[in-house]
Every structure is written in C-alpha cells, then in structure tokens.
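# Observations on the three-dimensional arrangement
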Amino acid sequence: MAPVPPGVRLLVSFDRDQWYRALTFILTFLLYTSFHLSRKPISIVKSELHKNCSAVSEAAIIASSSSQQPSLLSLHTDVDCGWKPFDKSNYKQLLGAMDYSFLCAYAIGMYLSGIIGERLPIRLYLTVGMLASGVFTCLFGLGYIYNIHNLSFYIFVQVANGLVQTTGWPSVVTCIGNWFGKGRRGLIMGLWNSHTSVGNILGSLIAGYWVSSNWGMSFIVPGLIIIIMGVVCFLFLIEHPNDLKNIYTQNSSLGKTVPSKSWNGVNGHTEVYLQYKDNKNQVCYYYKDSIQNRKSYDTELLLPRESERIPMQPVVVVKSESEPSAISFMGALRIPGVVEFSLCLLFAKLVSYTFLFWLPLYITKAAHLDAKKAGDLSTLFDVGGIVGGVLAGVISDKLGKRATTCAVMLLLAAPTLYGFSMISEFGLGPMIGMLLVCGGLVNGPYALITTAVSADLGTHKSLKGNARALSTVTAIIDGTGSVGAALGPLLAGLLSAGGWDQVFYMLMTADFLALLLLLRLVTKELASSKSHPISTVELKEH
C-alpha cells in the first residue's frame, strides 16, 4: 500500500472548525481587498485629469512657431491640458473637494452602518453594499466613455459610493471577531488587515494600466471586481460558527444517522438524553433504544460509559436569559478606551488617507514621473504598511500594550515624514527606502486600532458577555477615523497650493496630536504590574 502524501496528511490534520475559520479569514480578506481596490483609482487618475499644462503650452508654442500657424496654439492648450472641469488653475481644490465628498459621506454613514449592521444579517447587508459600490465605481468610469464634464455628476457618484462602502468594515470585522478568539488577536488581525495595502497595490496597478489610454477603465474594472466579490459573499460568507448548527440539524432531520450500539439499560430504563448547551433557550430530546448522532459545536450527548450500566436520570433543563439586545450608540461610547482610540484614529487616518489620495500626484510633481510610474512607485508605501501592521500586532500581543505600541510608532512617524519630504528630491533610491519606512510607521497604528483594538473593545469585560457590540464599536472607531480621512485630503488640496512643505507640516502635527490622545492609556499600561503576554487592552472603567 502506497504511503499517504505529506500534503494530504497536512490537509486531513485540520478539523472542520479550522477549515471554516480558514475560509472566513480568506474570504473576508478578499472582500475588503476589493473595497480598497475600488477606492484607489481616483488617486492614480488625478494626474490624468489635470496634466502638466505648462509643458503642453511650451510644446504648443514650439510647434506653432515652426509651422507658422499661431491658431494651433489655442487648440493645443484647450484640448490637451486636462479633463474639464479639472483643467483650470484651481484643479487642486476641485480634486480635494471630490475626495472630501467621498470621505465625508463615508464618515457620516459609518456611524449609522454599525448600528444597522447589528440588526440585519451581515451576509445580506454586506452583499448589497458591495453590489451598490461596484455600480457607483463603474459610473465614475462611464463619465469618460460618455464624455461627461459636469462636476456635480462626479461629486454625486463619490457621495453615493462613500455611503454604500460603509457596509464593508463593520461587517468584516464582526465576522472575523466571531470566528477568532482573543488569543494572538494582534498577529492574526495584523496579517488579515494587510488586505488594505493589498487592495491599494492592486488598485494602483489596475488603474495605472489604463490611466494614460482610457482612464474610464481604471474605474470600470475595479467596479466589476467588487460586484463579482459581492456575489461570492452572498454564496459563501458564514457570519458566526453557530450558524453552522442549522446545517447539521437539517441534515440529521433528513435521516442522516449513524448506527450506534444499543443500550439495554438497567431495570428496563432505556432513555438517554441529548442536551443543547448554548446561549439561547435550552432544549432537551430523548430517544428510545438508539441514539441519533448530532455532531455540533454546542451539543453534548449525555451517555454513560460503555462499561457502566447506570440508569439515566431525567435532565432538568433550566432556561437561560434571553439573548441580549444590541448595544446603543451611547452605551458603546461608555466602554473604556473607545473615545481615546477613536480620536487617536481620527488623526492617524488623516495621515494615512492623505497619502492614499495624494501620494501619486506628489511623486509626479517631485520626481517628475508620468502617471503610471508614479502609481507603481506609490505601492511601496502600502508594502511598508503590510509589514508595519503585522509588526504592530505581534509586538502588542507580546507586550500586552496596544496603546503603547501605537504611541511609539506615532512618535517615530513624525520625523520620518519630515525626512521623506526632504529626501524625495534626491532621486528614486532614497525615495523608495523612505516610502517603505513611512508606510510601516503610518499604517501600523492605523491597522492596529481598526482591527485588534476594535475587536478587544467590542468584547470588553464591561459588556458582561454581550457579543452584539462589536459592529457598533467598530463603526464608532472607524467612523471617527473617517472624519480625519475626509479632512486630510481636503486640507492637502488647500495647502498644496502654497507648496508641499505645508502639507507635510500638517501631517506631522496630526501625528503628534494622535500621540497626545493616547498618553493617558499609555500611562495606565506602563503603570500596570502585569508583564506577561496578553491579547486584550487592560483598561479600567473611568
């Protein structure tokens, strides 16, 4: 008999629960990757919406003087300068307003999204959001195909897309929190949260492929991808491990039974009892002579051992309390640490999203590269973000100090941003190195707060076991952060008119403010006598 291949041995070594966890991890990773993939094209296309008008004008002057046809000058400058209405001198303000419309709608919608998500089936809620987001992303690209130059059209699409995209984050964090416990949560969610950077990288590459030839496809292709992933979500997403009990209950009711040894009992007693242990009302069944095998996460068959012949006594079933209701908005705010981390994320996300929306354009101007090369180079910031997110999770797991880990990275990020603004003018080599370092230090705290910290606070001990708070807490933290995400690109558009140095000063100030907001929590963590590795944020009520 041939030996079993090592790969097959590895596969069969995992139980069913582990396979479903792996499926949830990979599926939610891909789902949110598609969300970020659809957000990235606007930053790549900006340099195409407004081209370098001065270079075009110089070329037009040379061409007109050599051909002795001055009338061509106005033709070239009007046609080649950019895409109306972004071809004017105030293009930075218009592009900033377009970013602001998306992010402001996202921030406002996020507060409502978590509350709604706690009360609706997450699979359906997320599916509808993804399908709608794909439609609006494609609509933006159709503006190029149908030659639409109305600013209000693009603003409307951005606002609508921002609202429907709020369905994503609370839903996927709730799912991943339901399936994975608190052990090594920082590492697991650090790896999982790399979907943000992976989505940005893929979005940059896809948008960059078409940006110079047909920028409409830079939006249509990501839009189609998120629609496809919405269908996959509807078909395969499992919100909670307890949802699987319905499948096995249905299978057993269809007659899928496993033969078992009969038990003759003692003194004619042949009753055996099956008791369900879950958070809902407990139900007791009994069968005669044979036992129906119902294998589930929360069931236990109360049988004597084979060698024993003890009559089974009736099991007294005590009904537990009814399922707790979803937490209110104010109730979530009262959880210790939610306010501090939410405000910290406001400034951390301001920095991250300013890079997300303006980095390709900055590279185009600072390094004098075309739109495609600038978009490709900007992906290095997201590569650094992947490493930074994982490191932040591992370190915080090891030390048991989430706030301290974030504070140290924020402290290092501010001078690094200044160094990037100086070194970026000295060629591609130094710029590449600084992009990686900046990405890790900027996205590390952002990733840790939106994943592991949100999950910790959503299952805080003050909730007394109420699991219906995770989506609301996640939405509050990320919604507050999204206010900063809306302000960052808008301020960058306004400040960049006076020079890029002012933008970097704004980013450094935001990092220091984020650090200040964590000082109270850092002081508590450092004063704690617990030095062993833990995975939850130790915060006392205040």
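Everything quoted here is computed from the prediction, not taken from an experiment. Starting afresh in each chain, residues are numbered from 1 along the sequence in its written order. Only residues with pLDDT of 70 or above have their local features reported here, since the model is predicted, and side-chain atom pairs are shown and tallied only from 80 upward, although totals for entire chains, interfaces and linings are computed over all residues. Think of the side-chain values as coming from all heavy atoms in the structure, minus any hydrogens and water.

## Thoughts on the overall build of the protein
Each helix is a run of H or I in the DSSP string that is no shorter than four residues. Each strand is a run of E no shorter than two, and both are numbered from the N terminus. Broken down by element type, the protein carries 21 helices and three strands. Buried residues are those whose accessible area, probed at 1.4 Å on protein chains only, stays under 20% of the maximum for their type, while exposed residues exceed 50% and partly exposed ones sit between those limits. A buried classification covers 51% of the 542 residues belonging to the protein. As displayed, the protein offers around 24700 Å² of accessible surface, 65% of which is attributable to carbon and sulfur atoms. Each accessible area is a Shrake-Rupley estimate made with a 1.4 Å probe; only the visible protein chains count as cover when residues are assessed.

## What to know about the packing of helix α2 (residues 16-39) against helix α11 (residues 195-210)
Here an angle of 0 to 180 degrees is reported between the N-to-C directions of two axes, which are lines fitted to C-alpha atoms, with helices fitted over the stretch in contact. Put simply, α2 and α11 touch, their axes get as near as 7 Å, and they point 45° apart. Considering their axes alone, α2 and α11 lie oblique with respect to each other. Crossing geometry of α2 relative to α11 is assigned as right-handed. Here F29, Y32, T33, H36 and L37 of α2 come into contact with α11, specifically with H195, T196, V198, G199, N200, L202, G203 and I206. The class makeup of the residues in the contact of α2 with α11 is six nonpolar, seven polar and no charged. Roughly parallel means an angle under 35 degrees; roughly antiparallel, over 145; roughly perpendicular, 65 to 115; everything else is oblique. It is the rotation of the near helix from the far one that decides the hand of a crossing: anticlockwise by less than a right angle makes it left-handed, clockwise makes it right-handed. Any two residues having at least one pair of non-hydrogen atoms within 4.5 Å are treated as being in contact. Ten residues, namely Ala, Val, Leu, Ile, Met, Phe, Trp, Tyr, Cys and Pro, are considered nonpolar, four, namely Asp, Glu, Lys and Arg, are considered charged, and the remaining ones, Gly among them, are considered polar.

## Observations concerning helix α10 (residues 185-192)
Along α10, the positions that sit buried rather than exposed are R185, G186, M189, G190 and W192. The arc that holds every buried residue of α10, seen down its axis, measures 165°, which confines them to one face. Looking at the buried positions of α10, the neighbouring elements they touch are α2, α9 (168-179), α11, α16 (371-399), α17 (402-423) and α18 (428-458). Arc definition: it is the arc formed by the directions from the helix axis to the C-beta atoms.

## Re the packing of α16 against α18
One can describe the packing of α16 onto α18 by two numbers: an axis separation of 6 Å at closest approach and a directional angle of 40°. One element, α16, and the other, α18, form an angle in the oblique class. Like other packed secondary-structure pairs, α16 and α18 cross with a definite hand, here right-handed. Of the residues in the contact of α16 with α18, the class split is 14 nonpolar, ten polar and no charged.

## Quick look at helix α3 (residues 41-49)
Counting buried residues in α3 gives nine out of nine residues, a clear majority hidden from the surface. For α3, the full list of buried residues reads P41, I42, S43, I44, V45, K46, S47, E48 and L49.

## A few points about the state of the cysteines
Count a disulfide wherever a pair of cysteine sulfur atoms falls within 2.5 Å. Applying the stated criterion across every chain yields a total of zero disulfides. No disulfide involves C344; its nearest neighbouring cysteine sulfur is the one of C406, lying 6.1 Å away.

## Comments concerning a nonpolar patch on the surface
Taken together, V4, V8, L10, L11, V12, F14 and W19 make up a surface patch of nonpolar side chains, about 650 Å² in accessible area. Ranked by the residues each element gives to the nonpolar patch, the list is headed by helix α1 (residues 6-12), at four residues. Looking at the secondary structure, you find F14 in the loop between α1 and α2. Since its relative accessible area comes to 36%, F14 is described here as partly exposed. Any residue with relative accessible area above 30% and no salt bridge may belong to a patch, with like charges joined within 9 Å and the nonpolar Val, Leu, Ile, Met, Phe, Trp and Tyr side chains within 5 Å. Salt bridges are defined by distance alone: a side-chain nitrogen of Lys or Arg within 4 Å of a carboxyl oxygen of Asp or Glu.

## Quick look at the environment of L343
Turning to its location among the elements, L343 is positioned in helix α15 (residues 338-367). Here L343 falls in the partly exposed class, since its relative accessible area comes to 35%. Expressed as a C-alpha distance, the spacing of L343 and D478, which sit 135 residues apart in the sequence, is 9.8 Å. With residues up to four places along the chain from it excluded, the contact list for L343 reads T480 and L517.

## Let's talk about the packing of aromatic side chains
In summary, the pairing rule links any two rings of Phe, Tyr or Trp, Trp by its six-membered ring, whose centres are within 6.5 Å, and it sorts them by plane angle into stacked for under 30 degrees, edge-to-face for over 60 and tilted for everything else. Across all of its chains, the model carries 26 aromatic pairs by this definition. Ring centres of W215 and F219 lie 6.2 Å apart, and the angle between their planes is 80°; on these two criteria the pair is classed as edge-to-face. Considering the side-chain rings of Y362 and F420, the 5.9 Å spacing of their centres and the 50° angle between planes classify their relative orientation as tilted. With a gap of 58 residues between them, Y362 in helix α15 and F420 in helix α17 connect regions that are remote in the sequence. In this structure, Y362 and F420 share a single accessibility class: buried.

## What to know about the confidence of the model for the protein
Scored from 0 to 100, pLDDT reflects the predictor's confidence in each residue. The pLDDT averaged across the protein works out to 77; a share of 73% of its residues lies at or above 70. Averaged pLDDT values over the elements of the protein bottom out at 36 in strand β3 (residues 299-302) and peak at 96 in helix α12 (residues 217-236). In this model residues 55-79 is a low-confidence stretch, pLDDT under 50, and it forms eleven contacts with partners more than four residues away in sequence or in other chains. Confidence drops under a pLDDT of 50 for residues 532-542, and excluding neighbours within four residues, the segment shows 34 contacts in the predicted structure.

## Focus: the pattern of salt bridges
In total, this model carries five salt bridges according to the counting rule given. Where D478 meets K349, a salt bridge forms, and the shortest distance between an N and an O atom there is 2.8 Å. Pair noted here: D478 is in helix α19 (residues 470-495) and K349 is in helix α15, with a separation of 129 residues, a long-range link. Judged by relative accessible area, K349 falls into the buried class, the value being 1%. Note that D397 and R402 form a salt bridge whose closest N and O atoms lie 3.1 Å from each other. You can call D397 buried: its relative accessible area is 11%.

## Focus on the nonpolar core
Throughout, nonpolar core names a set of buried Ala, Val, Leu, Ile, Met, Phe, Trp, Tyr and Cys residues whose side chains join them through atoms within 4.5 Å. In terms of nonpolar packing, the biggest core is built from 83 residues, with F355, F420 and L507 touching the most fellow members. For this core, the element with the highest residue contribution is α15, accounting for 15 residues. Ignoring anything within four residues of it in the chain, the contact list for F355 reads P360, F381, L417, F420, F504 and L507. Ranked by size, the runner-up nonpolar core spans 28 residues in total, among them V172, L237, L244 and L470.

## A few points about the side chain of D478
On the accessibility criterion, D478 (2% relative accessible area) is buried. A distance of 3.4 Å separates a polar atom in the side chain of D478 from a polar atom in the side chain of Y106. Any pair of N or O atoms that falls within 3.5 Å is considered a polar contact. Within protein, one atom must be able to donate a hydrogen and the other to accept it, and sequence-neighbouring residues count only if both atoms are side-chain atoms. In terms of polar contacts, D478 uses its side chain to reach the side chain of K349, at 2.8 Å. Non-local contacts of D478, meaning those with residues more than four positions away in its chain, are made with Y106, M110, W169, L345, K349 and T450.

## Things to note about unusual backbone geometry
With an omega dihedral of 5°, the bond running from K84 to P85 counts as a cis peptide bond. Within the secondary structure layout, P85 lies in the loop between α5 (71-80) and α6 (91-117). We note that N147 has phi near 55°; this positive angle belongs to a residue other than glycine. For N147, the position within the fold is in the loop between α7 (122-145) and α8 (151-164). Of the residues examined, N147 reaches a relative accessible area of 48% and is grouped as partly exposed.

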